[in-house]
Amino acid sequence: MTNTHYEYAILASLLAAGVTTAGLYVIRRFGSWGQYNATYFSCFAAGVMISVAFLHIIPQAFHMNDQAPLYLLAGYLAFHLINRFIHAYVCDSTPDTAIGLIPLLGIGLHSTLDGVVYAITFSVSVLTGTLAGIGMVLHEFPEGIVTYVLLLRSGFTPKKSWLWAFLAAALTTPVGTLLAIPMIHQINETVLGALLAVSAGAFVYVGATHLLPLAEREDRPYSLAAMGGGVAVALGIILTHG
């Protein structure tokens, strides 16, 4: 992998972080609108997360690692245990805190893996990295918005919600790329498959256990359409990955 390819990988991860930050700016600038439509963002996010997990991440992880089903289960159970811990020791005064913290952990893990994927795909060729990056960048804008809104609903202040969302959804991507580049020849397909499976377990847990029940509890009139929009976006991302 030449220095030029390294530079392309870093630029791609910075572009992804920039797109996420743009989403955060929009939702911060129009905060009342975001809070009013938080349920729709939750449904949209659930549609994206569950669809991408089942239709893309899980099949890819299974292809890369024979033990991926175990890592998938481990990821799901790990986030369940984290949720139980948060409810037991963090959420005494604010029960909805986990609604923001659990997705924060899942999105942070996923965004870091995005950065690793940039490094790996650009190590093959600029074309491979570019094709993989197209679909990945598409989900960055709503990812930042969803993270911010969920943190806000959890009781965090707007300033803290923006900061944590930026750290988890935006900054982790270039960090993942920078961490992966020195170890690029040591990250084999099996290891990446295991990491993808854990990430998929987190996605399924967040979407099915937190976001969809929240939407059902509030029962907004177009929540189903919002979830359908998330599914449609996920399909678009998957088709772009091709």
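Residues numbered from 1 in each chain as written. Predicted model: local features only at pLDDT ≥ 70, side-chain atom pairs only at ≥ 80, totals over all residues. Heavy atoms only, no water.

On to the overall build of the chain. Across its full length, the chain carries 10 helices and zero strands. By residue count, 50% of the 242 residues in the chain fall in the buried class. Within the chain, residue pairs in contact and separated by at least 24 positions form 83% of the contacts whose partners lie at least 6 positions apart. Total accessible area on the chain is roughly 11400 Å²; 69% of this is exposed by carbon and sulfur atoms. (Helix = DSSP H or I, 4+ residues; strand = E, 2+ residues; numbered from the N terminus. Buried < 20%, exposed > 50% of the residue type's maximum accessible area, 1.4 Å probe, protein only. Contact = heavy atoms within 4.5 Å. Areas by Shrake-Rupley, 256 points an atom, 1.4 Å probe, with all protein chains shown as cover.)

With that settled, the discussion passes to the UniProt feature "transmembrane region" (unreviewed entry) in the chain. Sites flagged by UniProt as "transmembrane region" (unreviewed entry) map to residues 6-27, 39-62, 68-86, 98-120, 126-151, 163-185, 191-212 and 224-241. Taken end to end, residues 191-212 comprises 100% helix and 0% strand; its first and last C-alpha atoms sit 31 Å apart. (UniProt positions renumbered as here; feature names shortened; annotations may be inferred.)

In terms of nonpolar packing, the biggest core is built from 23 residues, with Ile27, Phe41, Met49, Tyr148, Val149 and Leu211 touching the most fellow members. Listed by contribution, the elements that provide at least two residues to this core are helix H1 (3-29), helix H3 (38-64), helix H5 (97-124), helix H7 (140-153), helix H8 (158-180) and helix H9 (189-218). Residues Met64, Ala68, Ile181 and Leu192 belong to the second largest nonpolar core, which totals 22 residues. (Core = buried A, V, L, I, M, F, W, Y, C linked by side-chain atoms within 4.5 Å.)

The next thing to look at is the side chain of Ser13. With respect to the helices and strands, Ser13 occurs in helix H1. Among the polar contacts made by the side chain of Ser13, one reaches the main-chain carbonyl oxygen of Ile10 at a distance of 2.7 Å. With residues up to four places along the chain from it excluded, the contact list for Ser13 reads Tyr118, Thr173, Pro174 and Thr177. (Polar contact = N/O pair within 3.5 Å; in protein donor to acceptor, adjacent residues only side chain to side chain.)

Moving on, we get to a nonpolar patch on the surface. On the surface, Leu163, Trp164, Leu167, Leu171, Val175, Leu179 and Met183 cluster together into a nonpolar patch covering about 600 Å² of accessible area. For Leu171, a relative accessible area of 37% puts it in the partly exposed group. (Patch = residues over 30% accessible without salt bridge, like charges linked within 9 Å, V, L, I, M, F, W, Y side chains within 5 Å. Salt bridge = Lys/Arg side-chain N within 4 Å of Asp/Glu carboxyl O.)

Let us look at the side chain of Ser223. Along the polypeptide, Ser223 turns up in helix H10 (residues 223-241). Under the relative-accessibility criterion, Ser223 is labelled buried at 14%. Those residues in contact with Ser223 that lie beyond four places of it in its chain are Tyr40 and Cys43.

Under the definition given, this model contains two aromatic pairs. Relative to Tyr205, the ring of Tyr76 lies with its centre 5.2 Å away and its plane at 80°, an arrangement referred to as edge-to-face. Taken together, the positions of Tyr76 in helix H4 (residues 68-89) and Tyr205 in helix H9 put the pair 129 residues apart, joining distant regions of the chain. Overall, Tyr205 belongs to the buried group, its relative accessible area being 1%. A ring pair is formed by Trp162 and Phe166, whose centres lie 5.5 Å apart and whose planes are at 10°; its orientation type is stacked. Taken together, the residues Trp162 and Phe166, both in helix H8 and four residues apart, mark about one turn of the helix. Accessibility expressed as a relative area gives 25% for Trp162, which makes it partly exposed. The exposure class of Phe166 is partly exposed, given its relative accessible area of 24%. (Phe/Tyr/Trp six-rings, centres within 6.5 Å; stacked < 30°, edge-to-face > 60°.)

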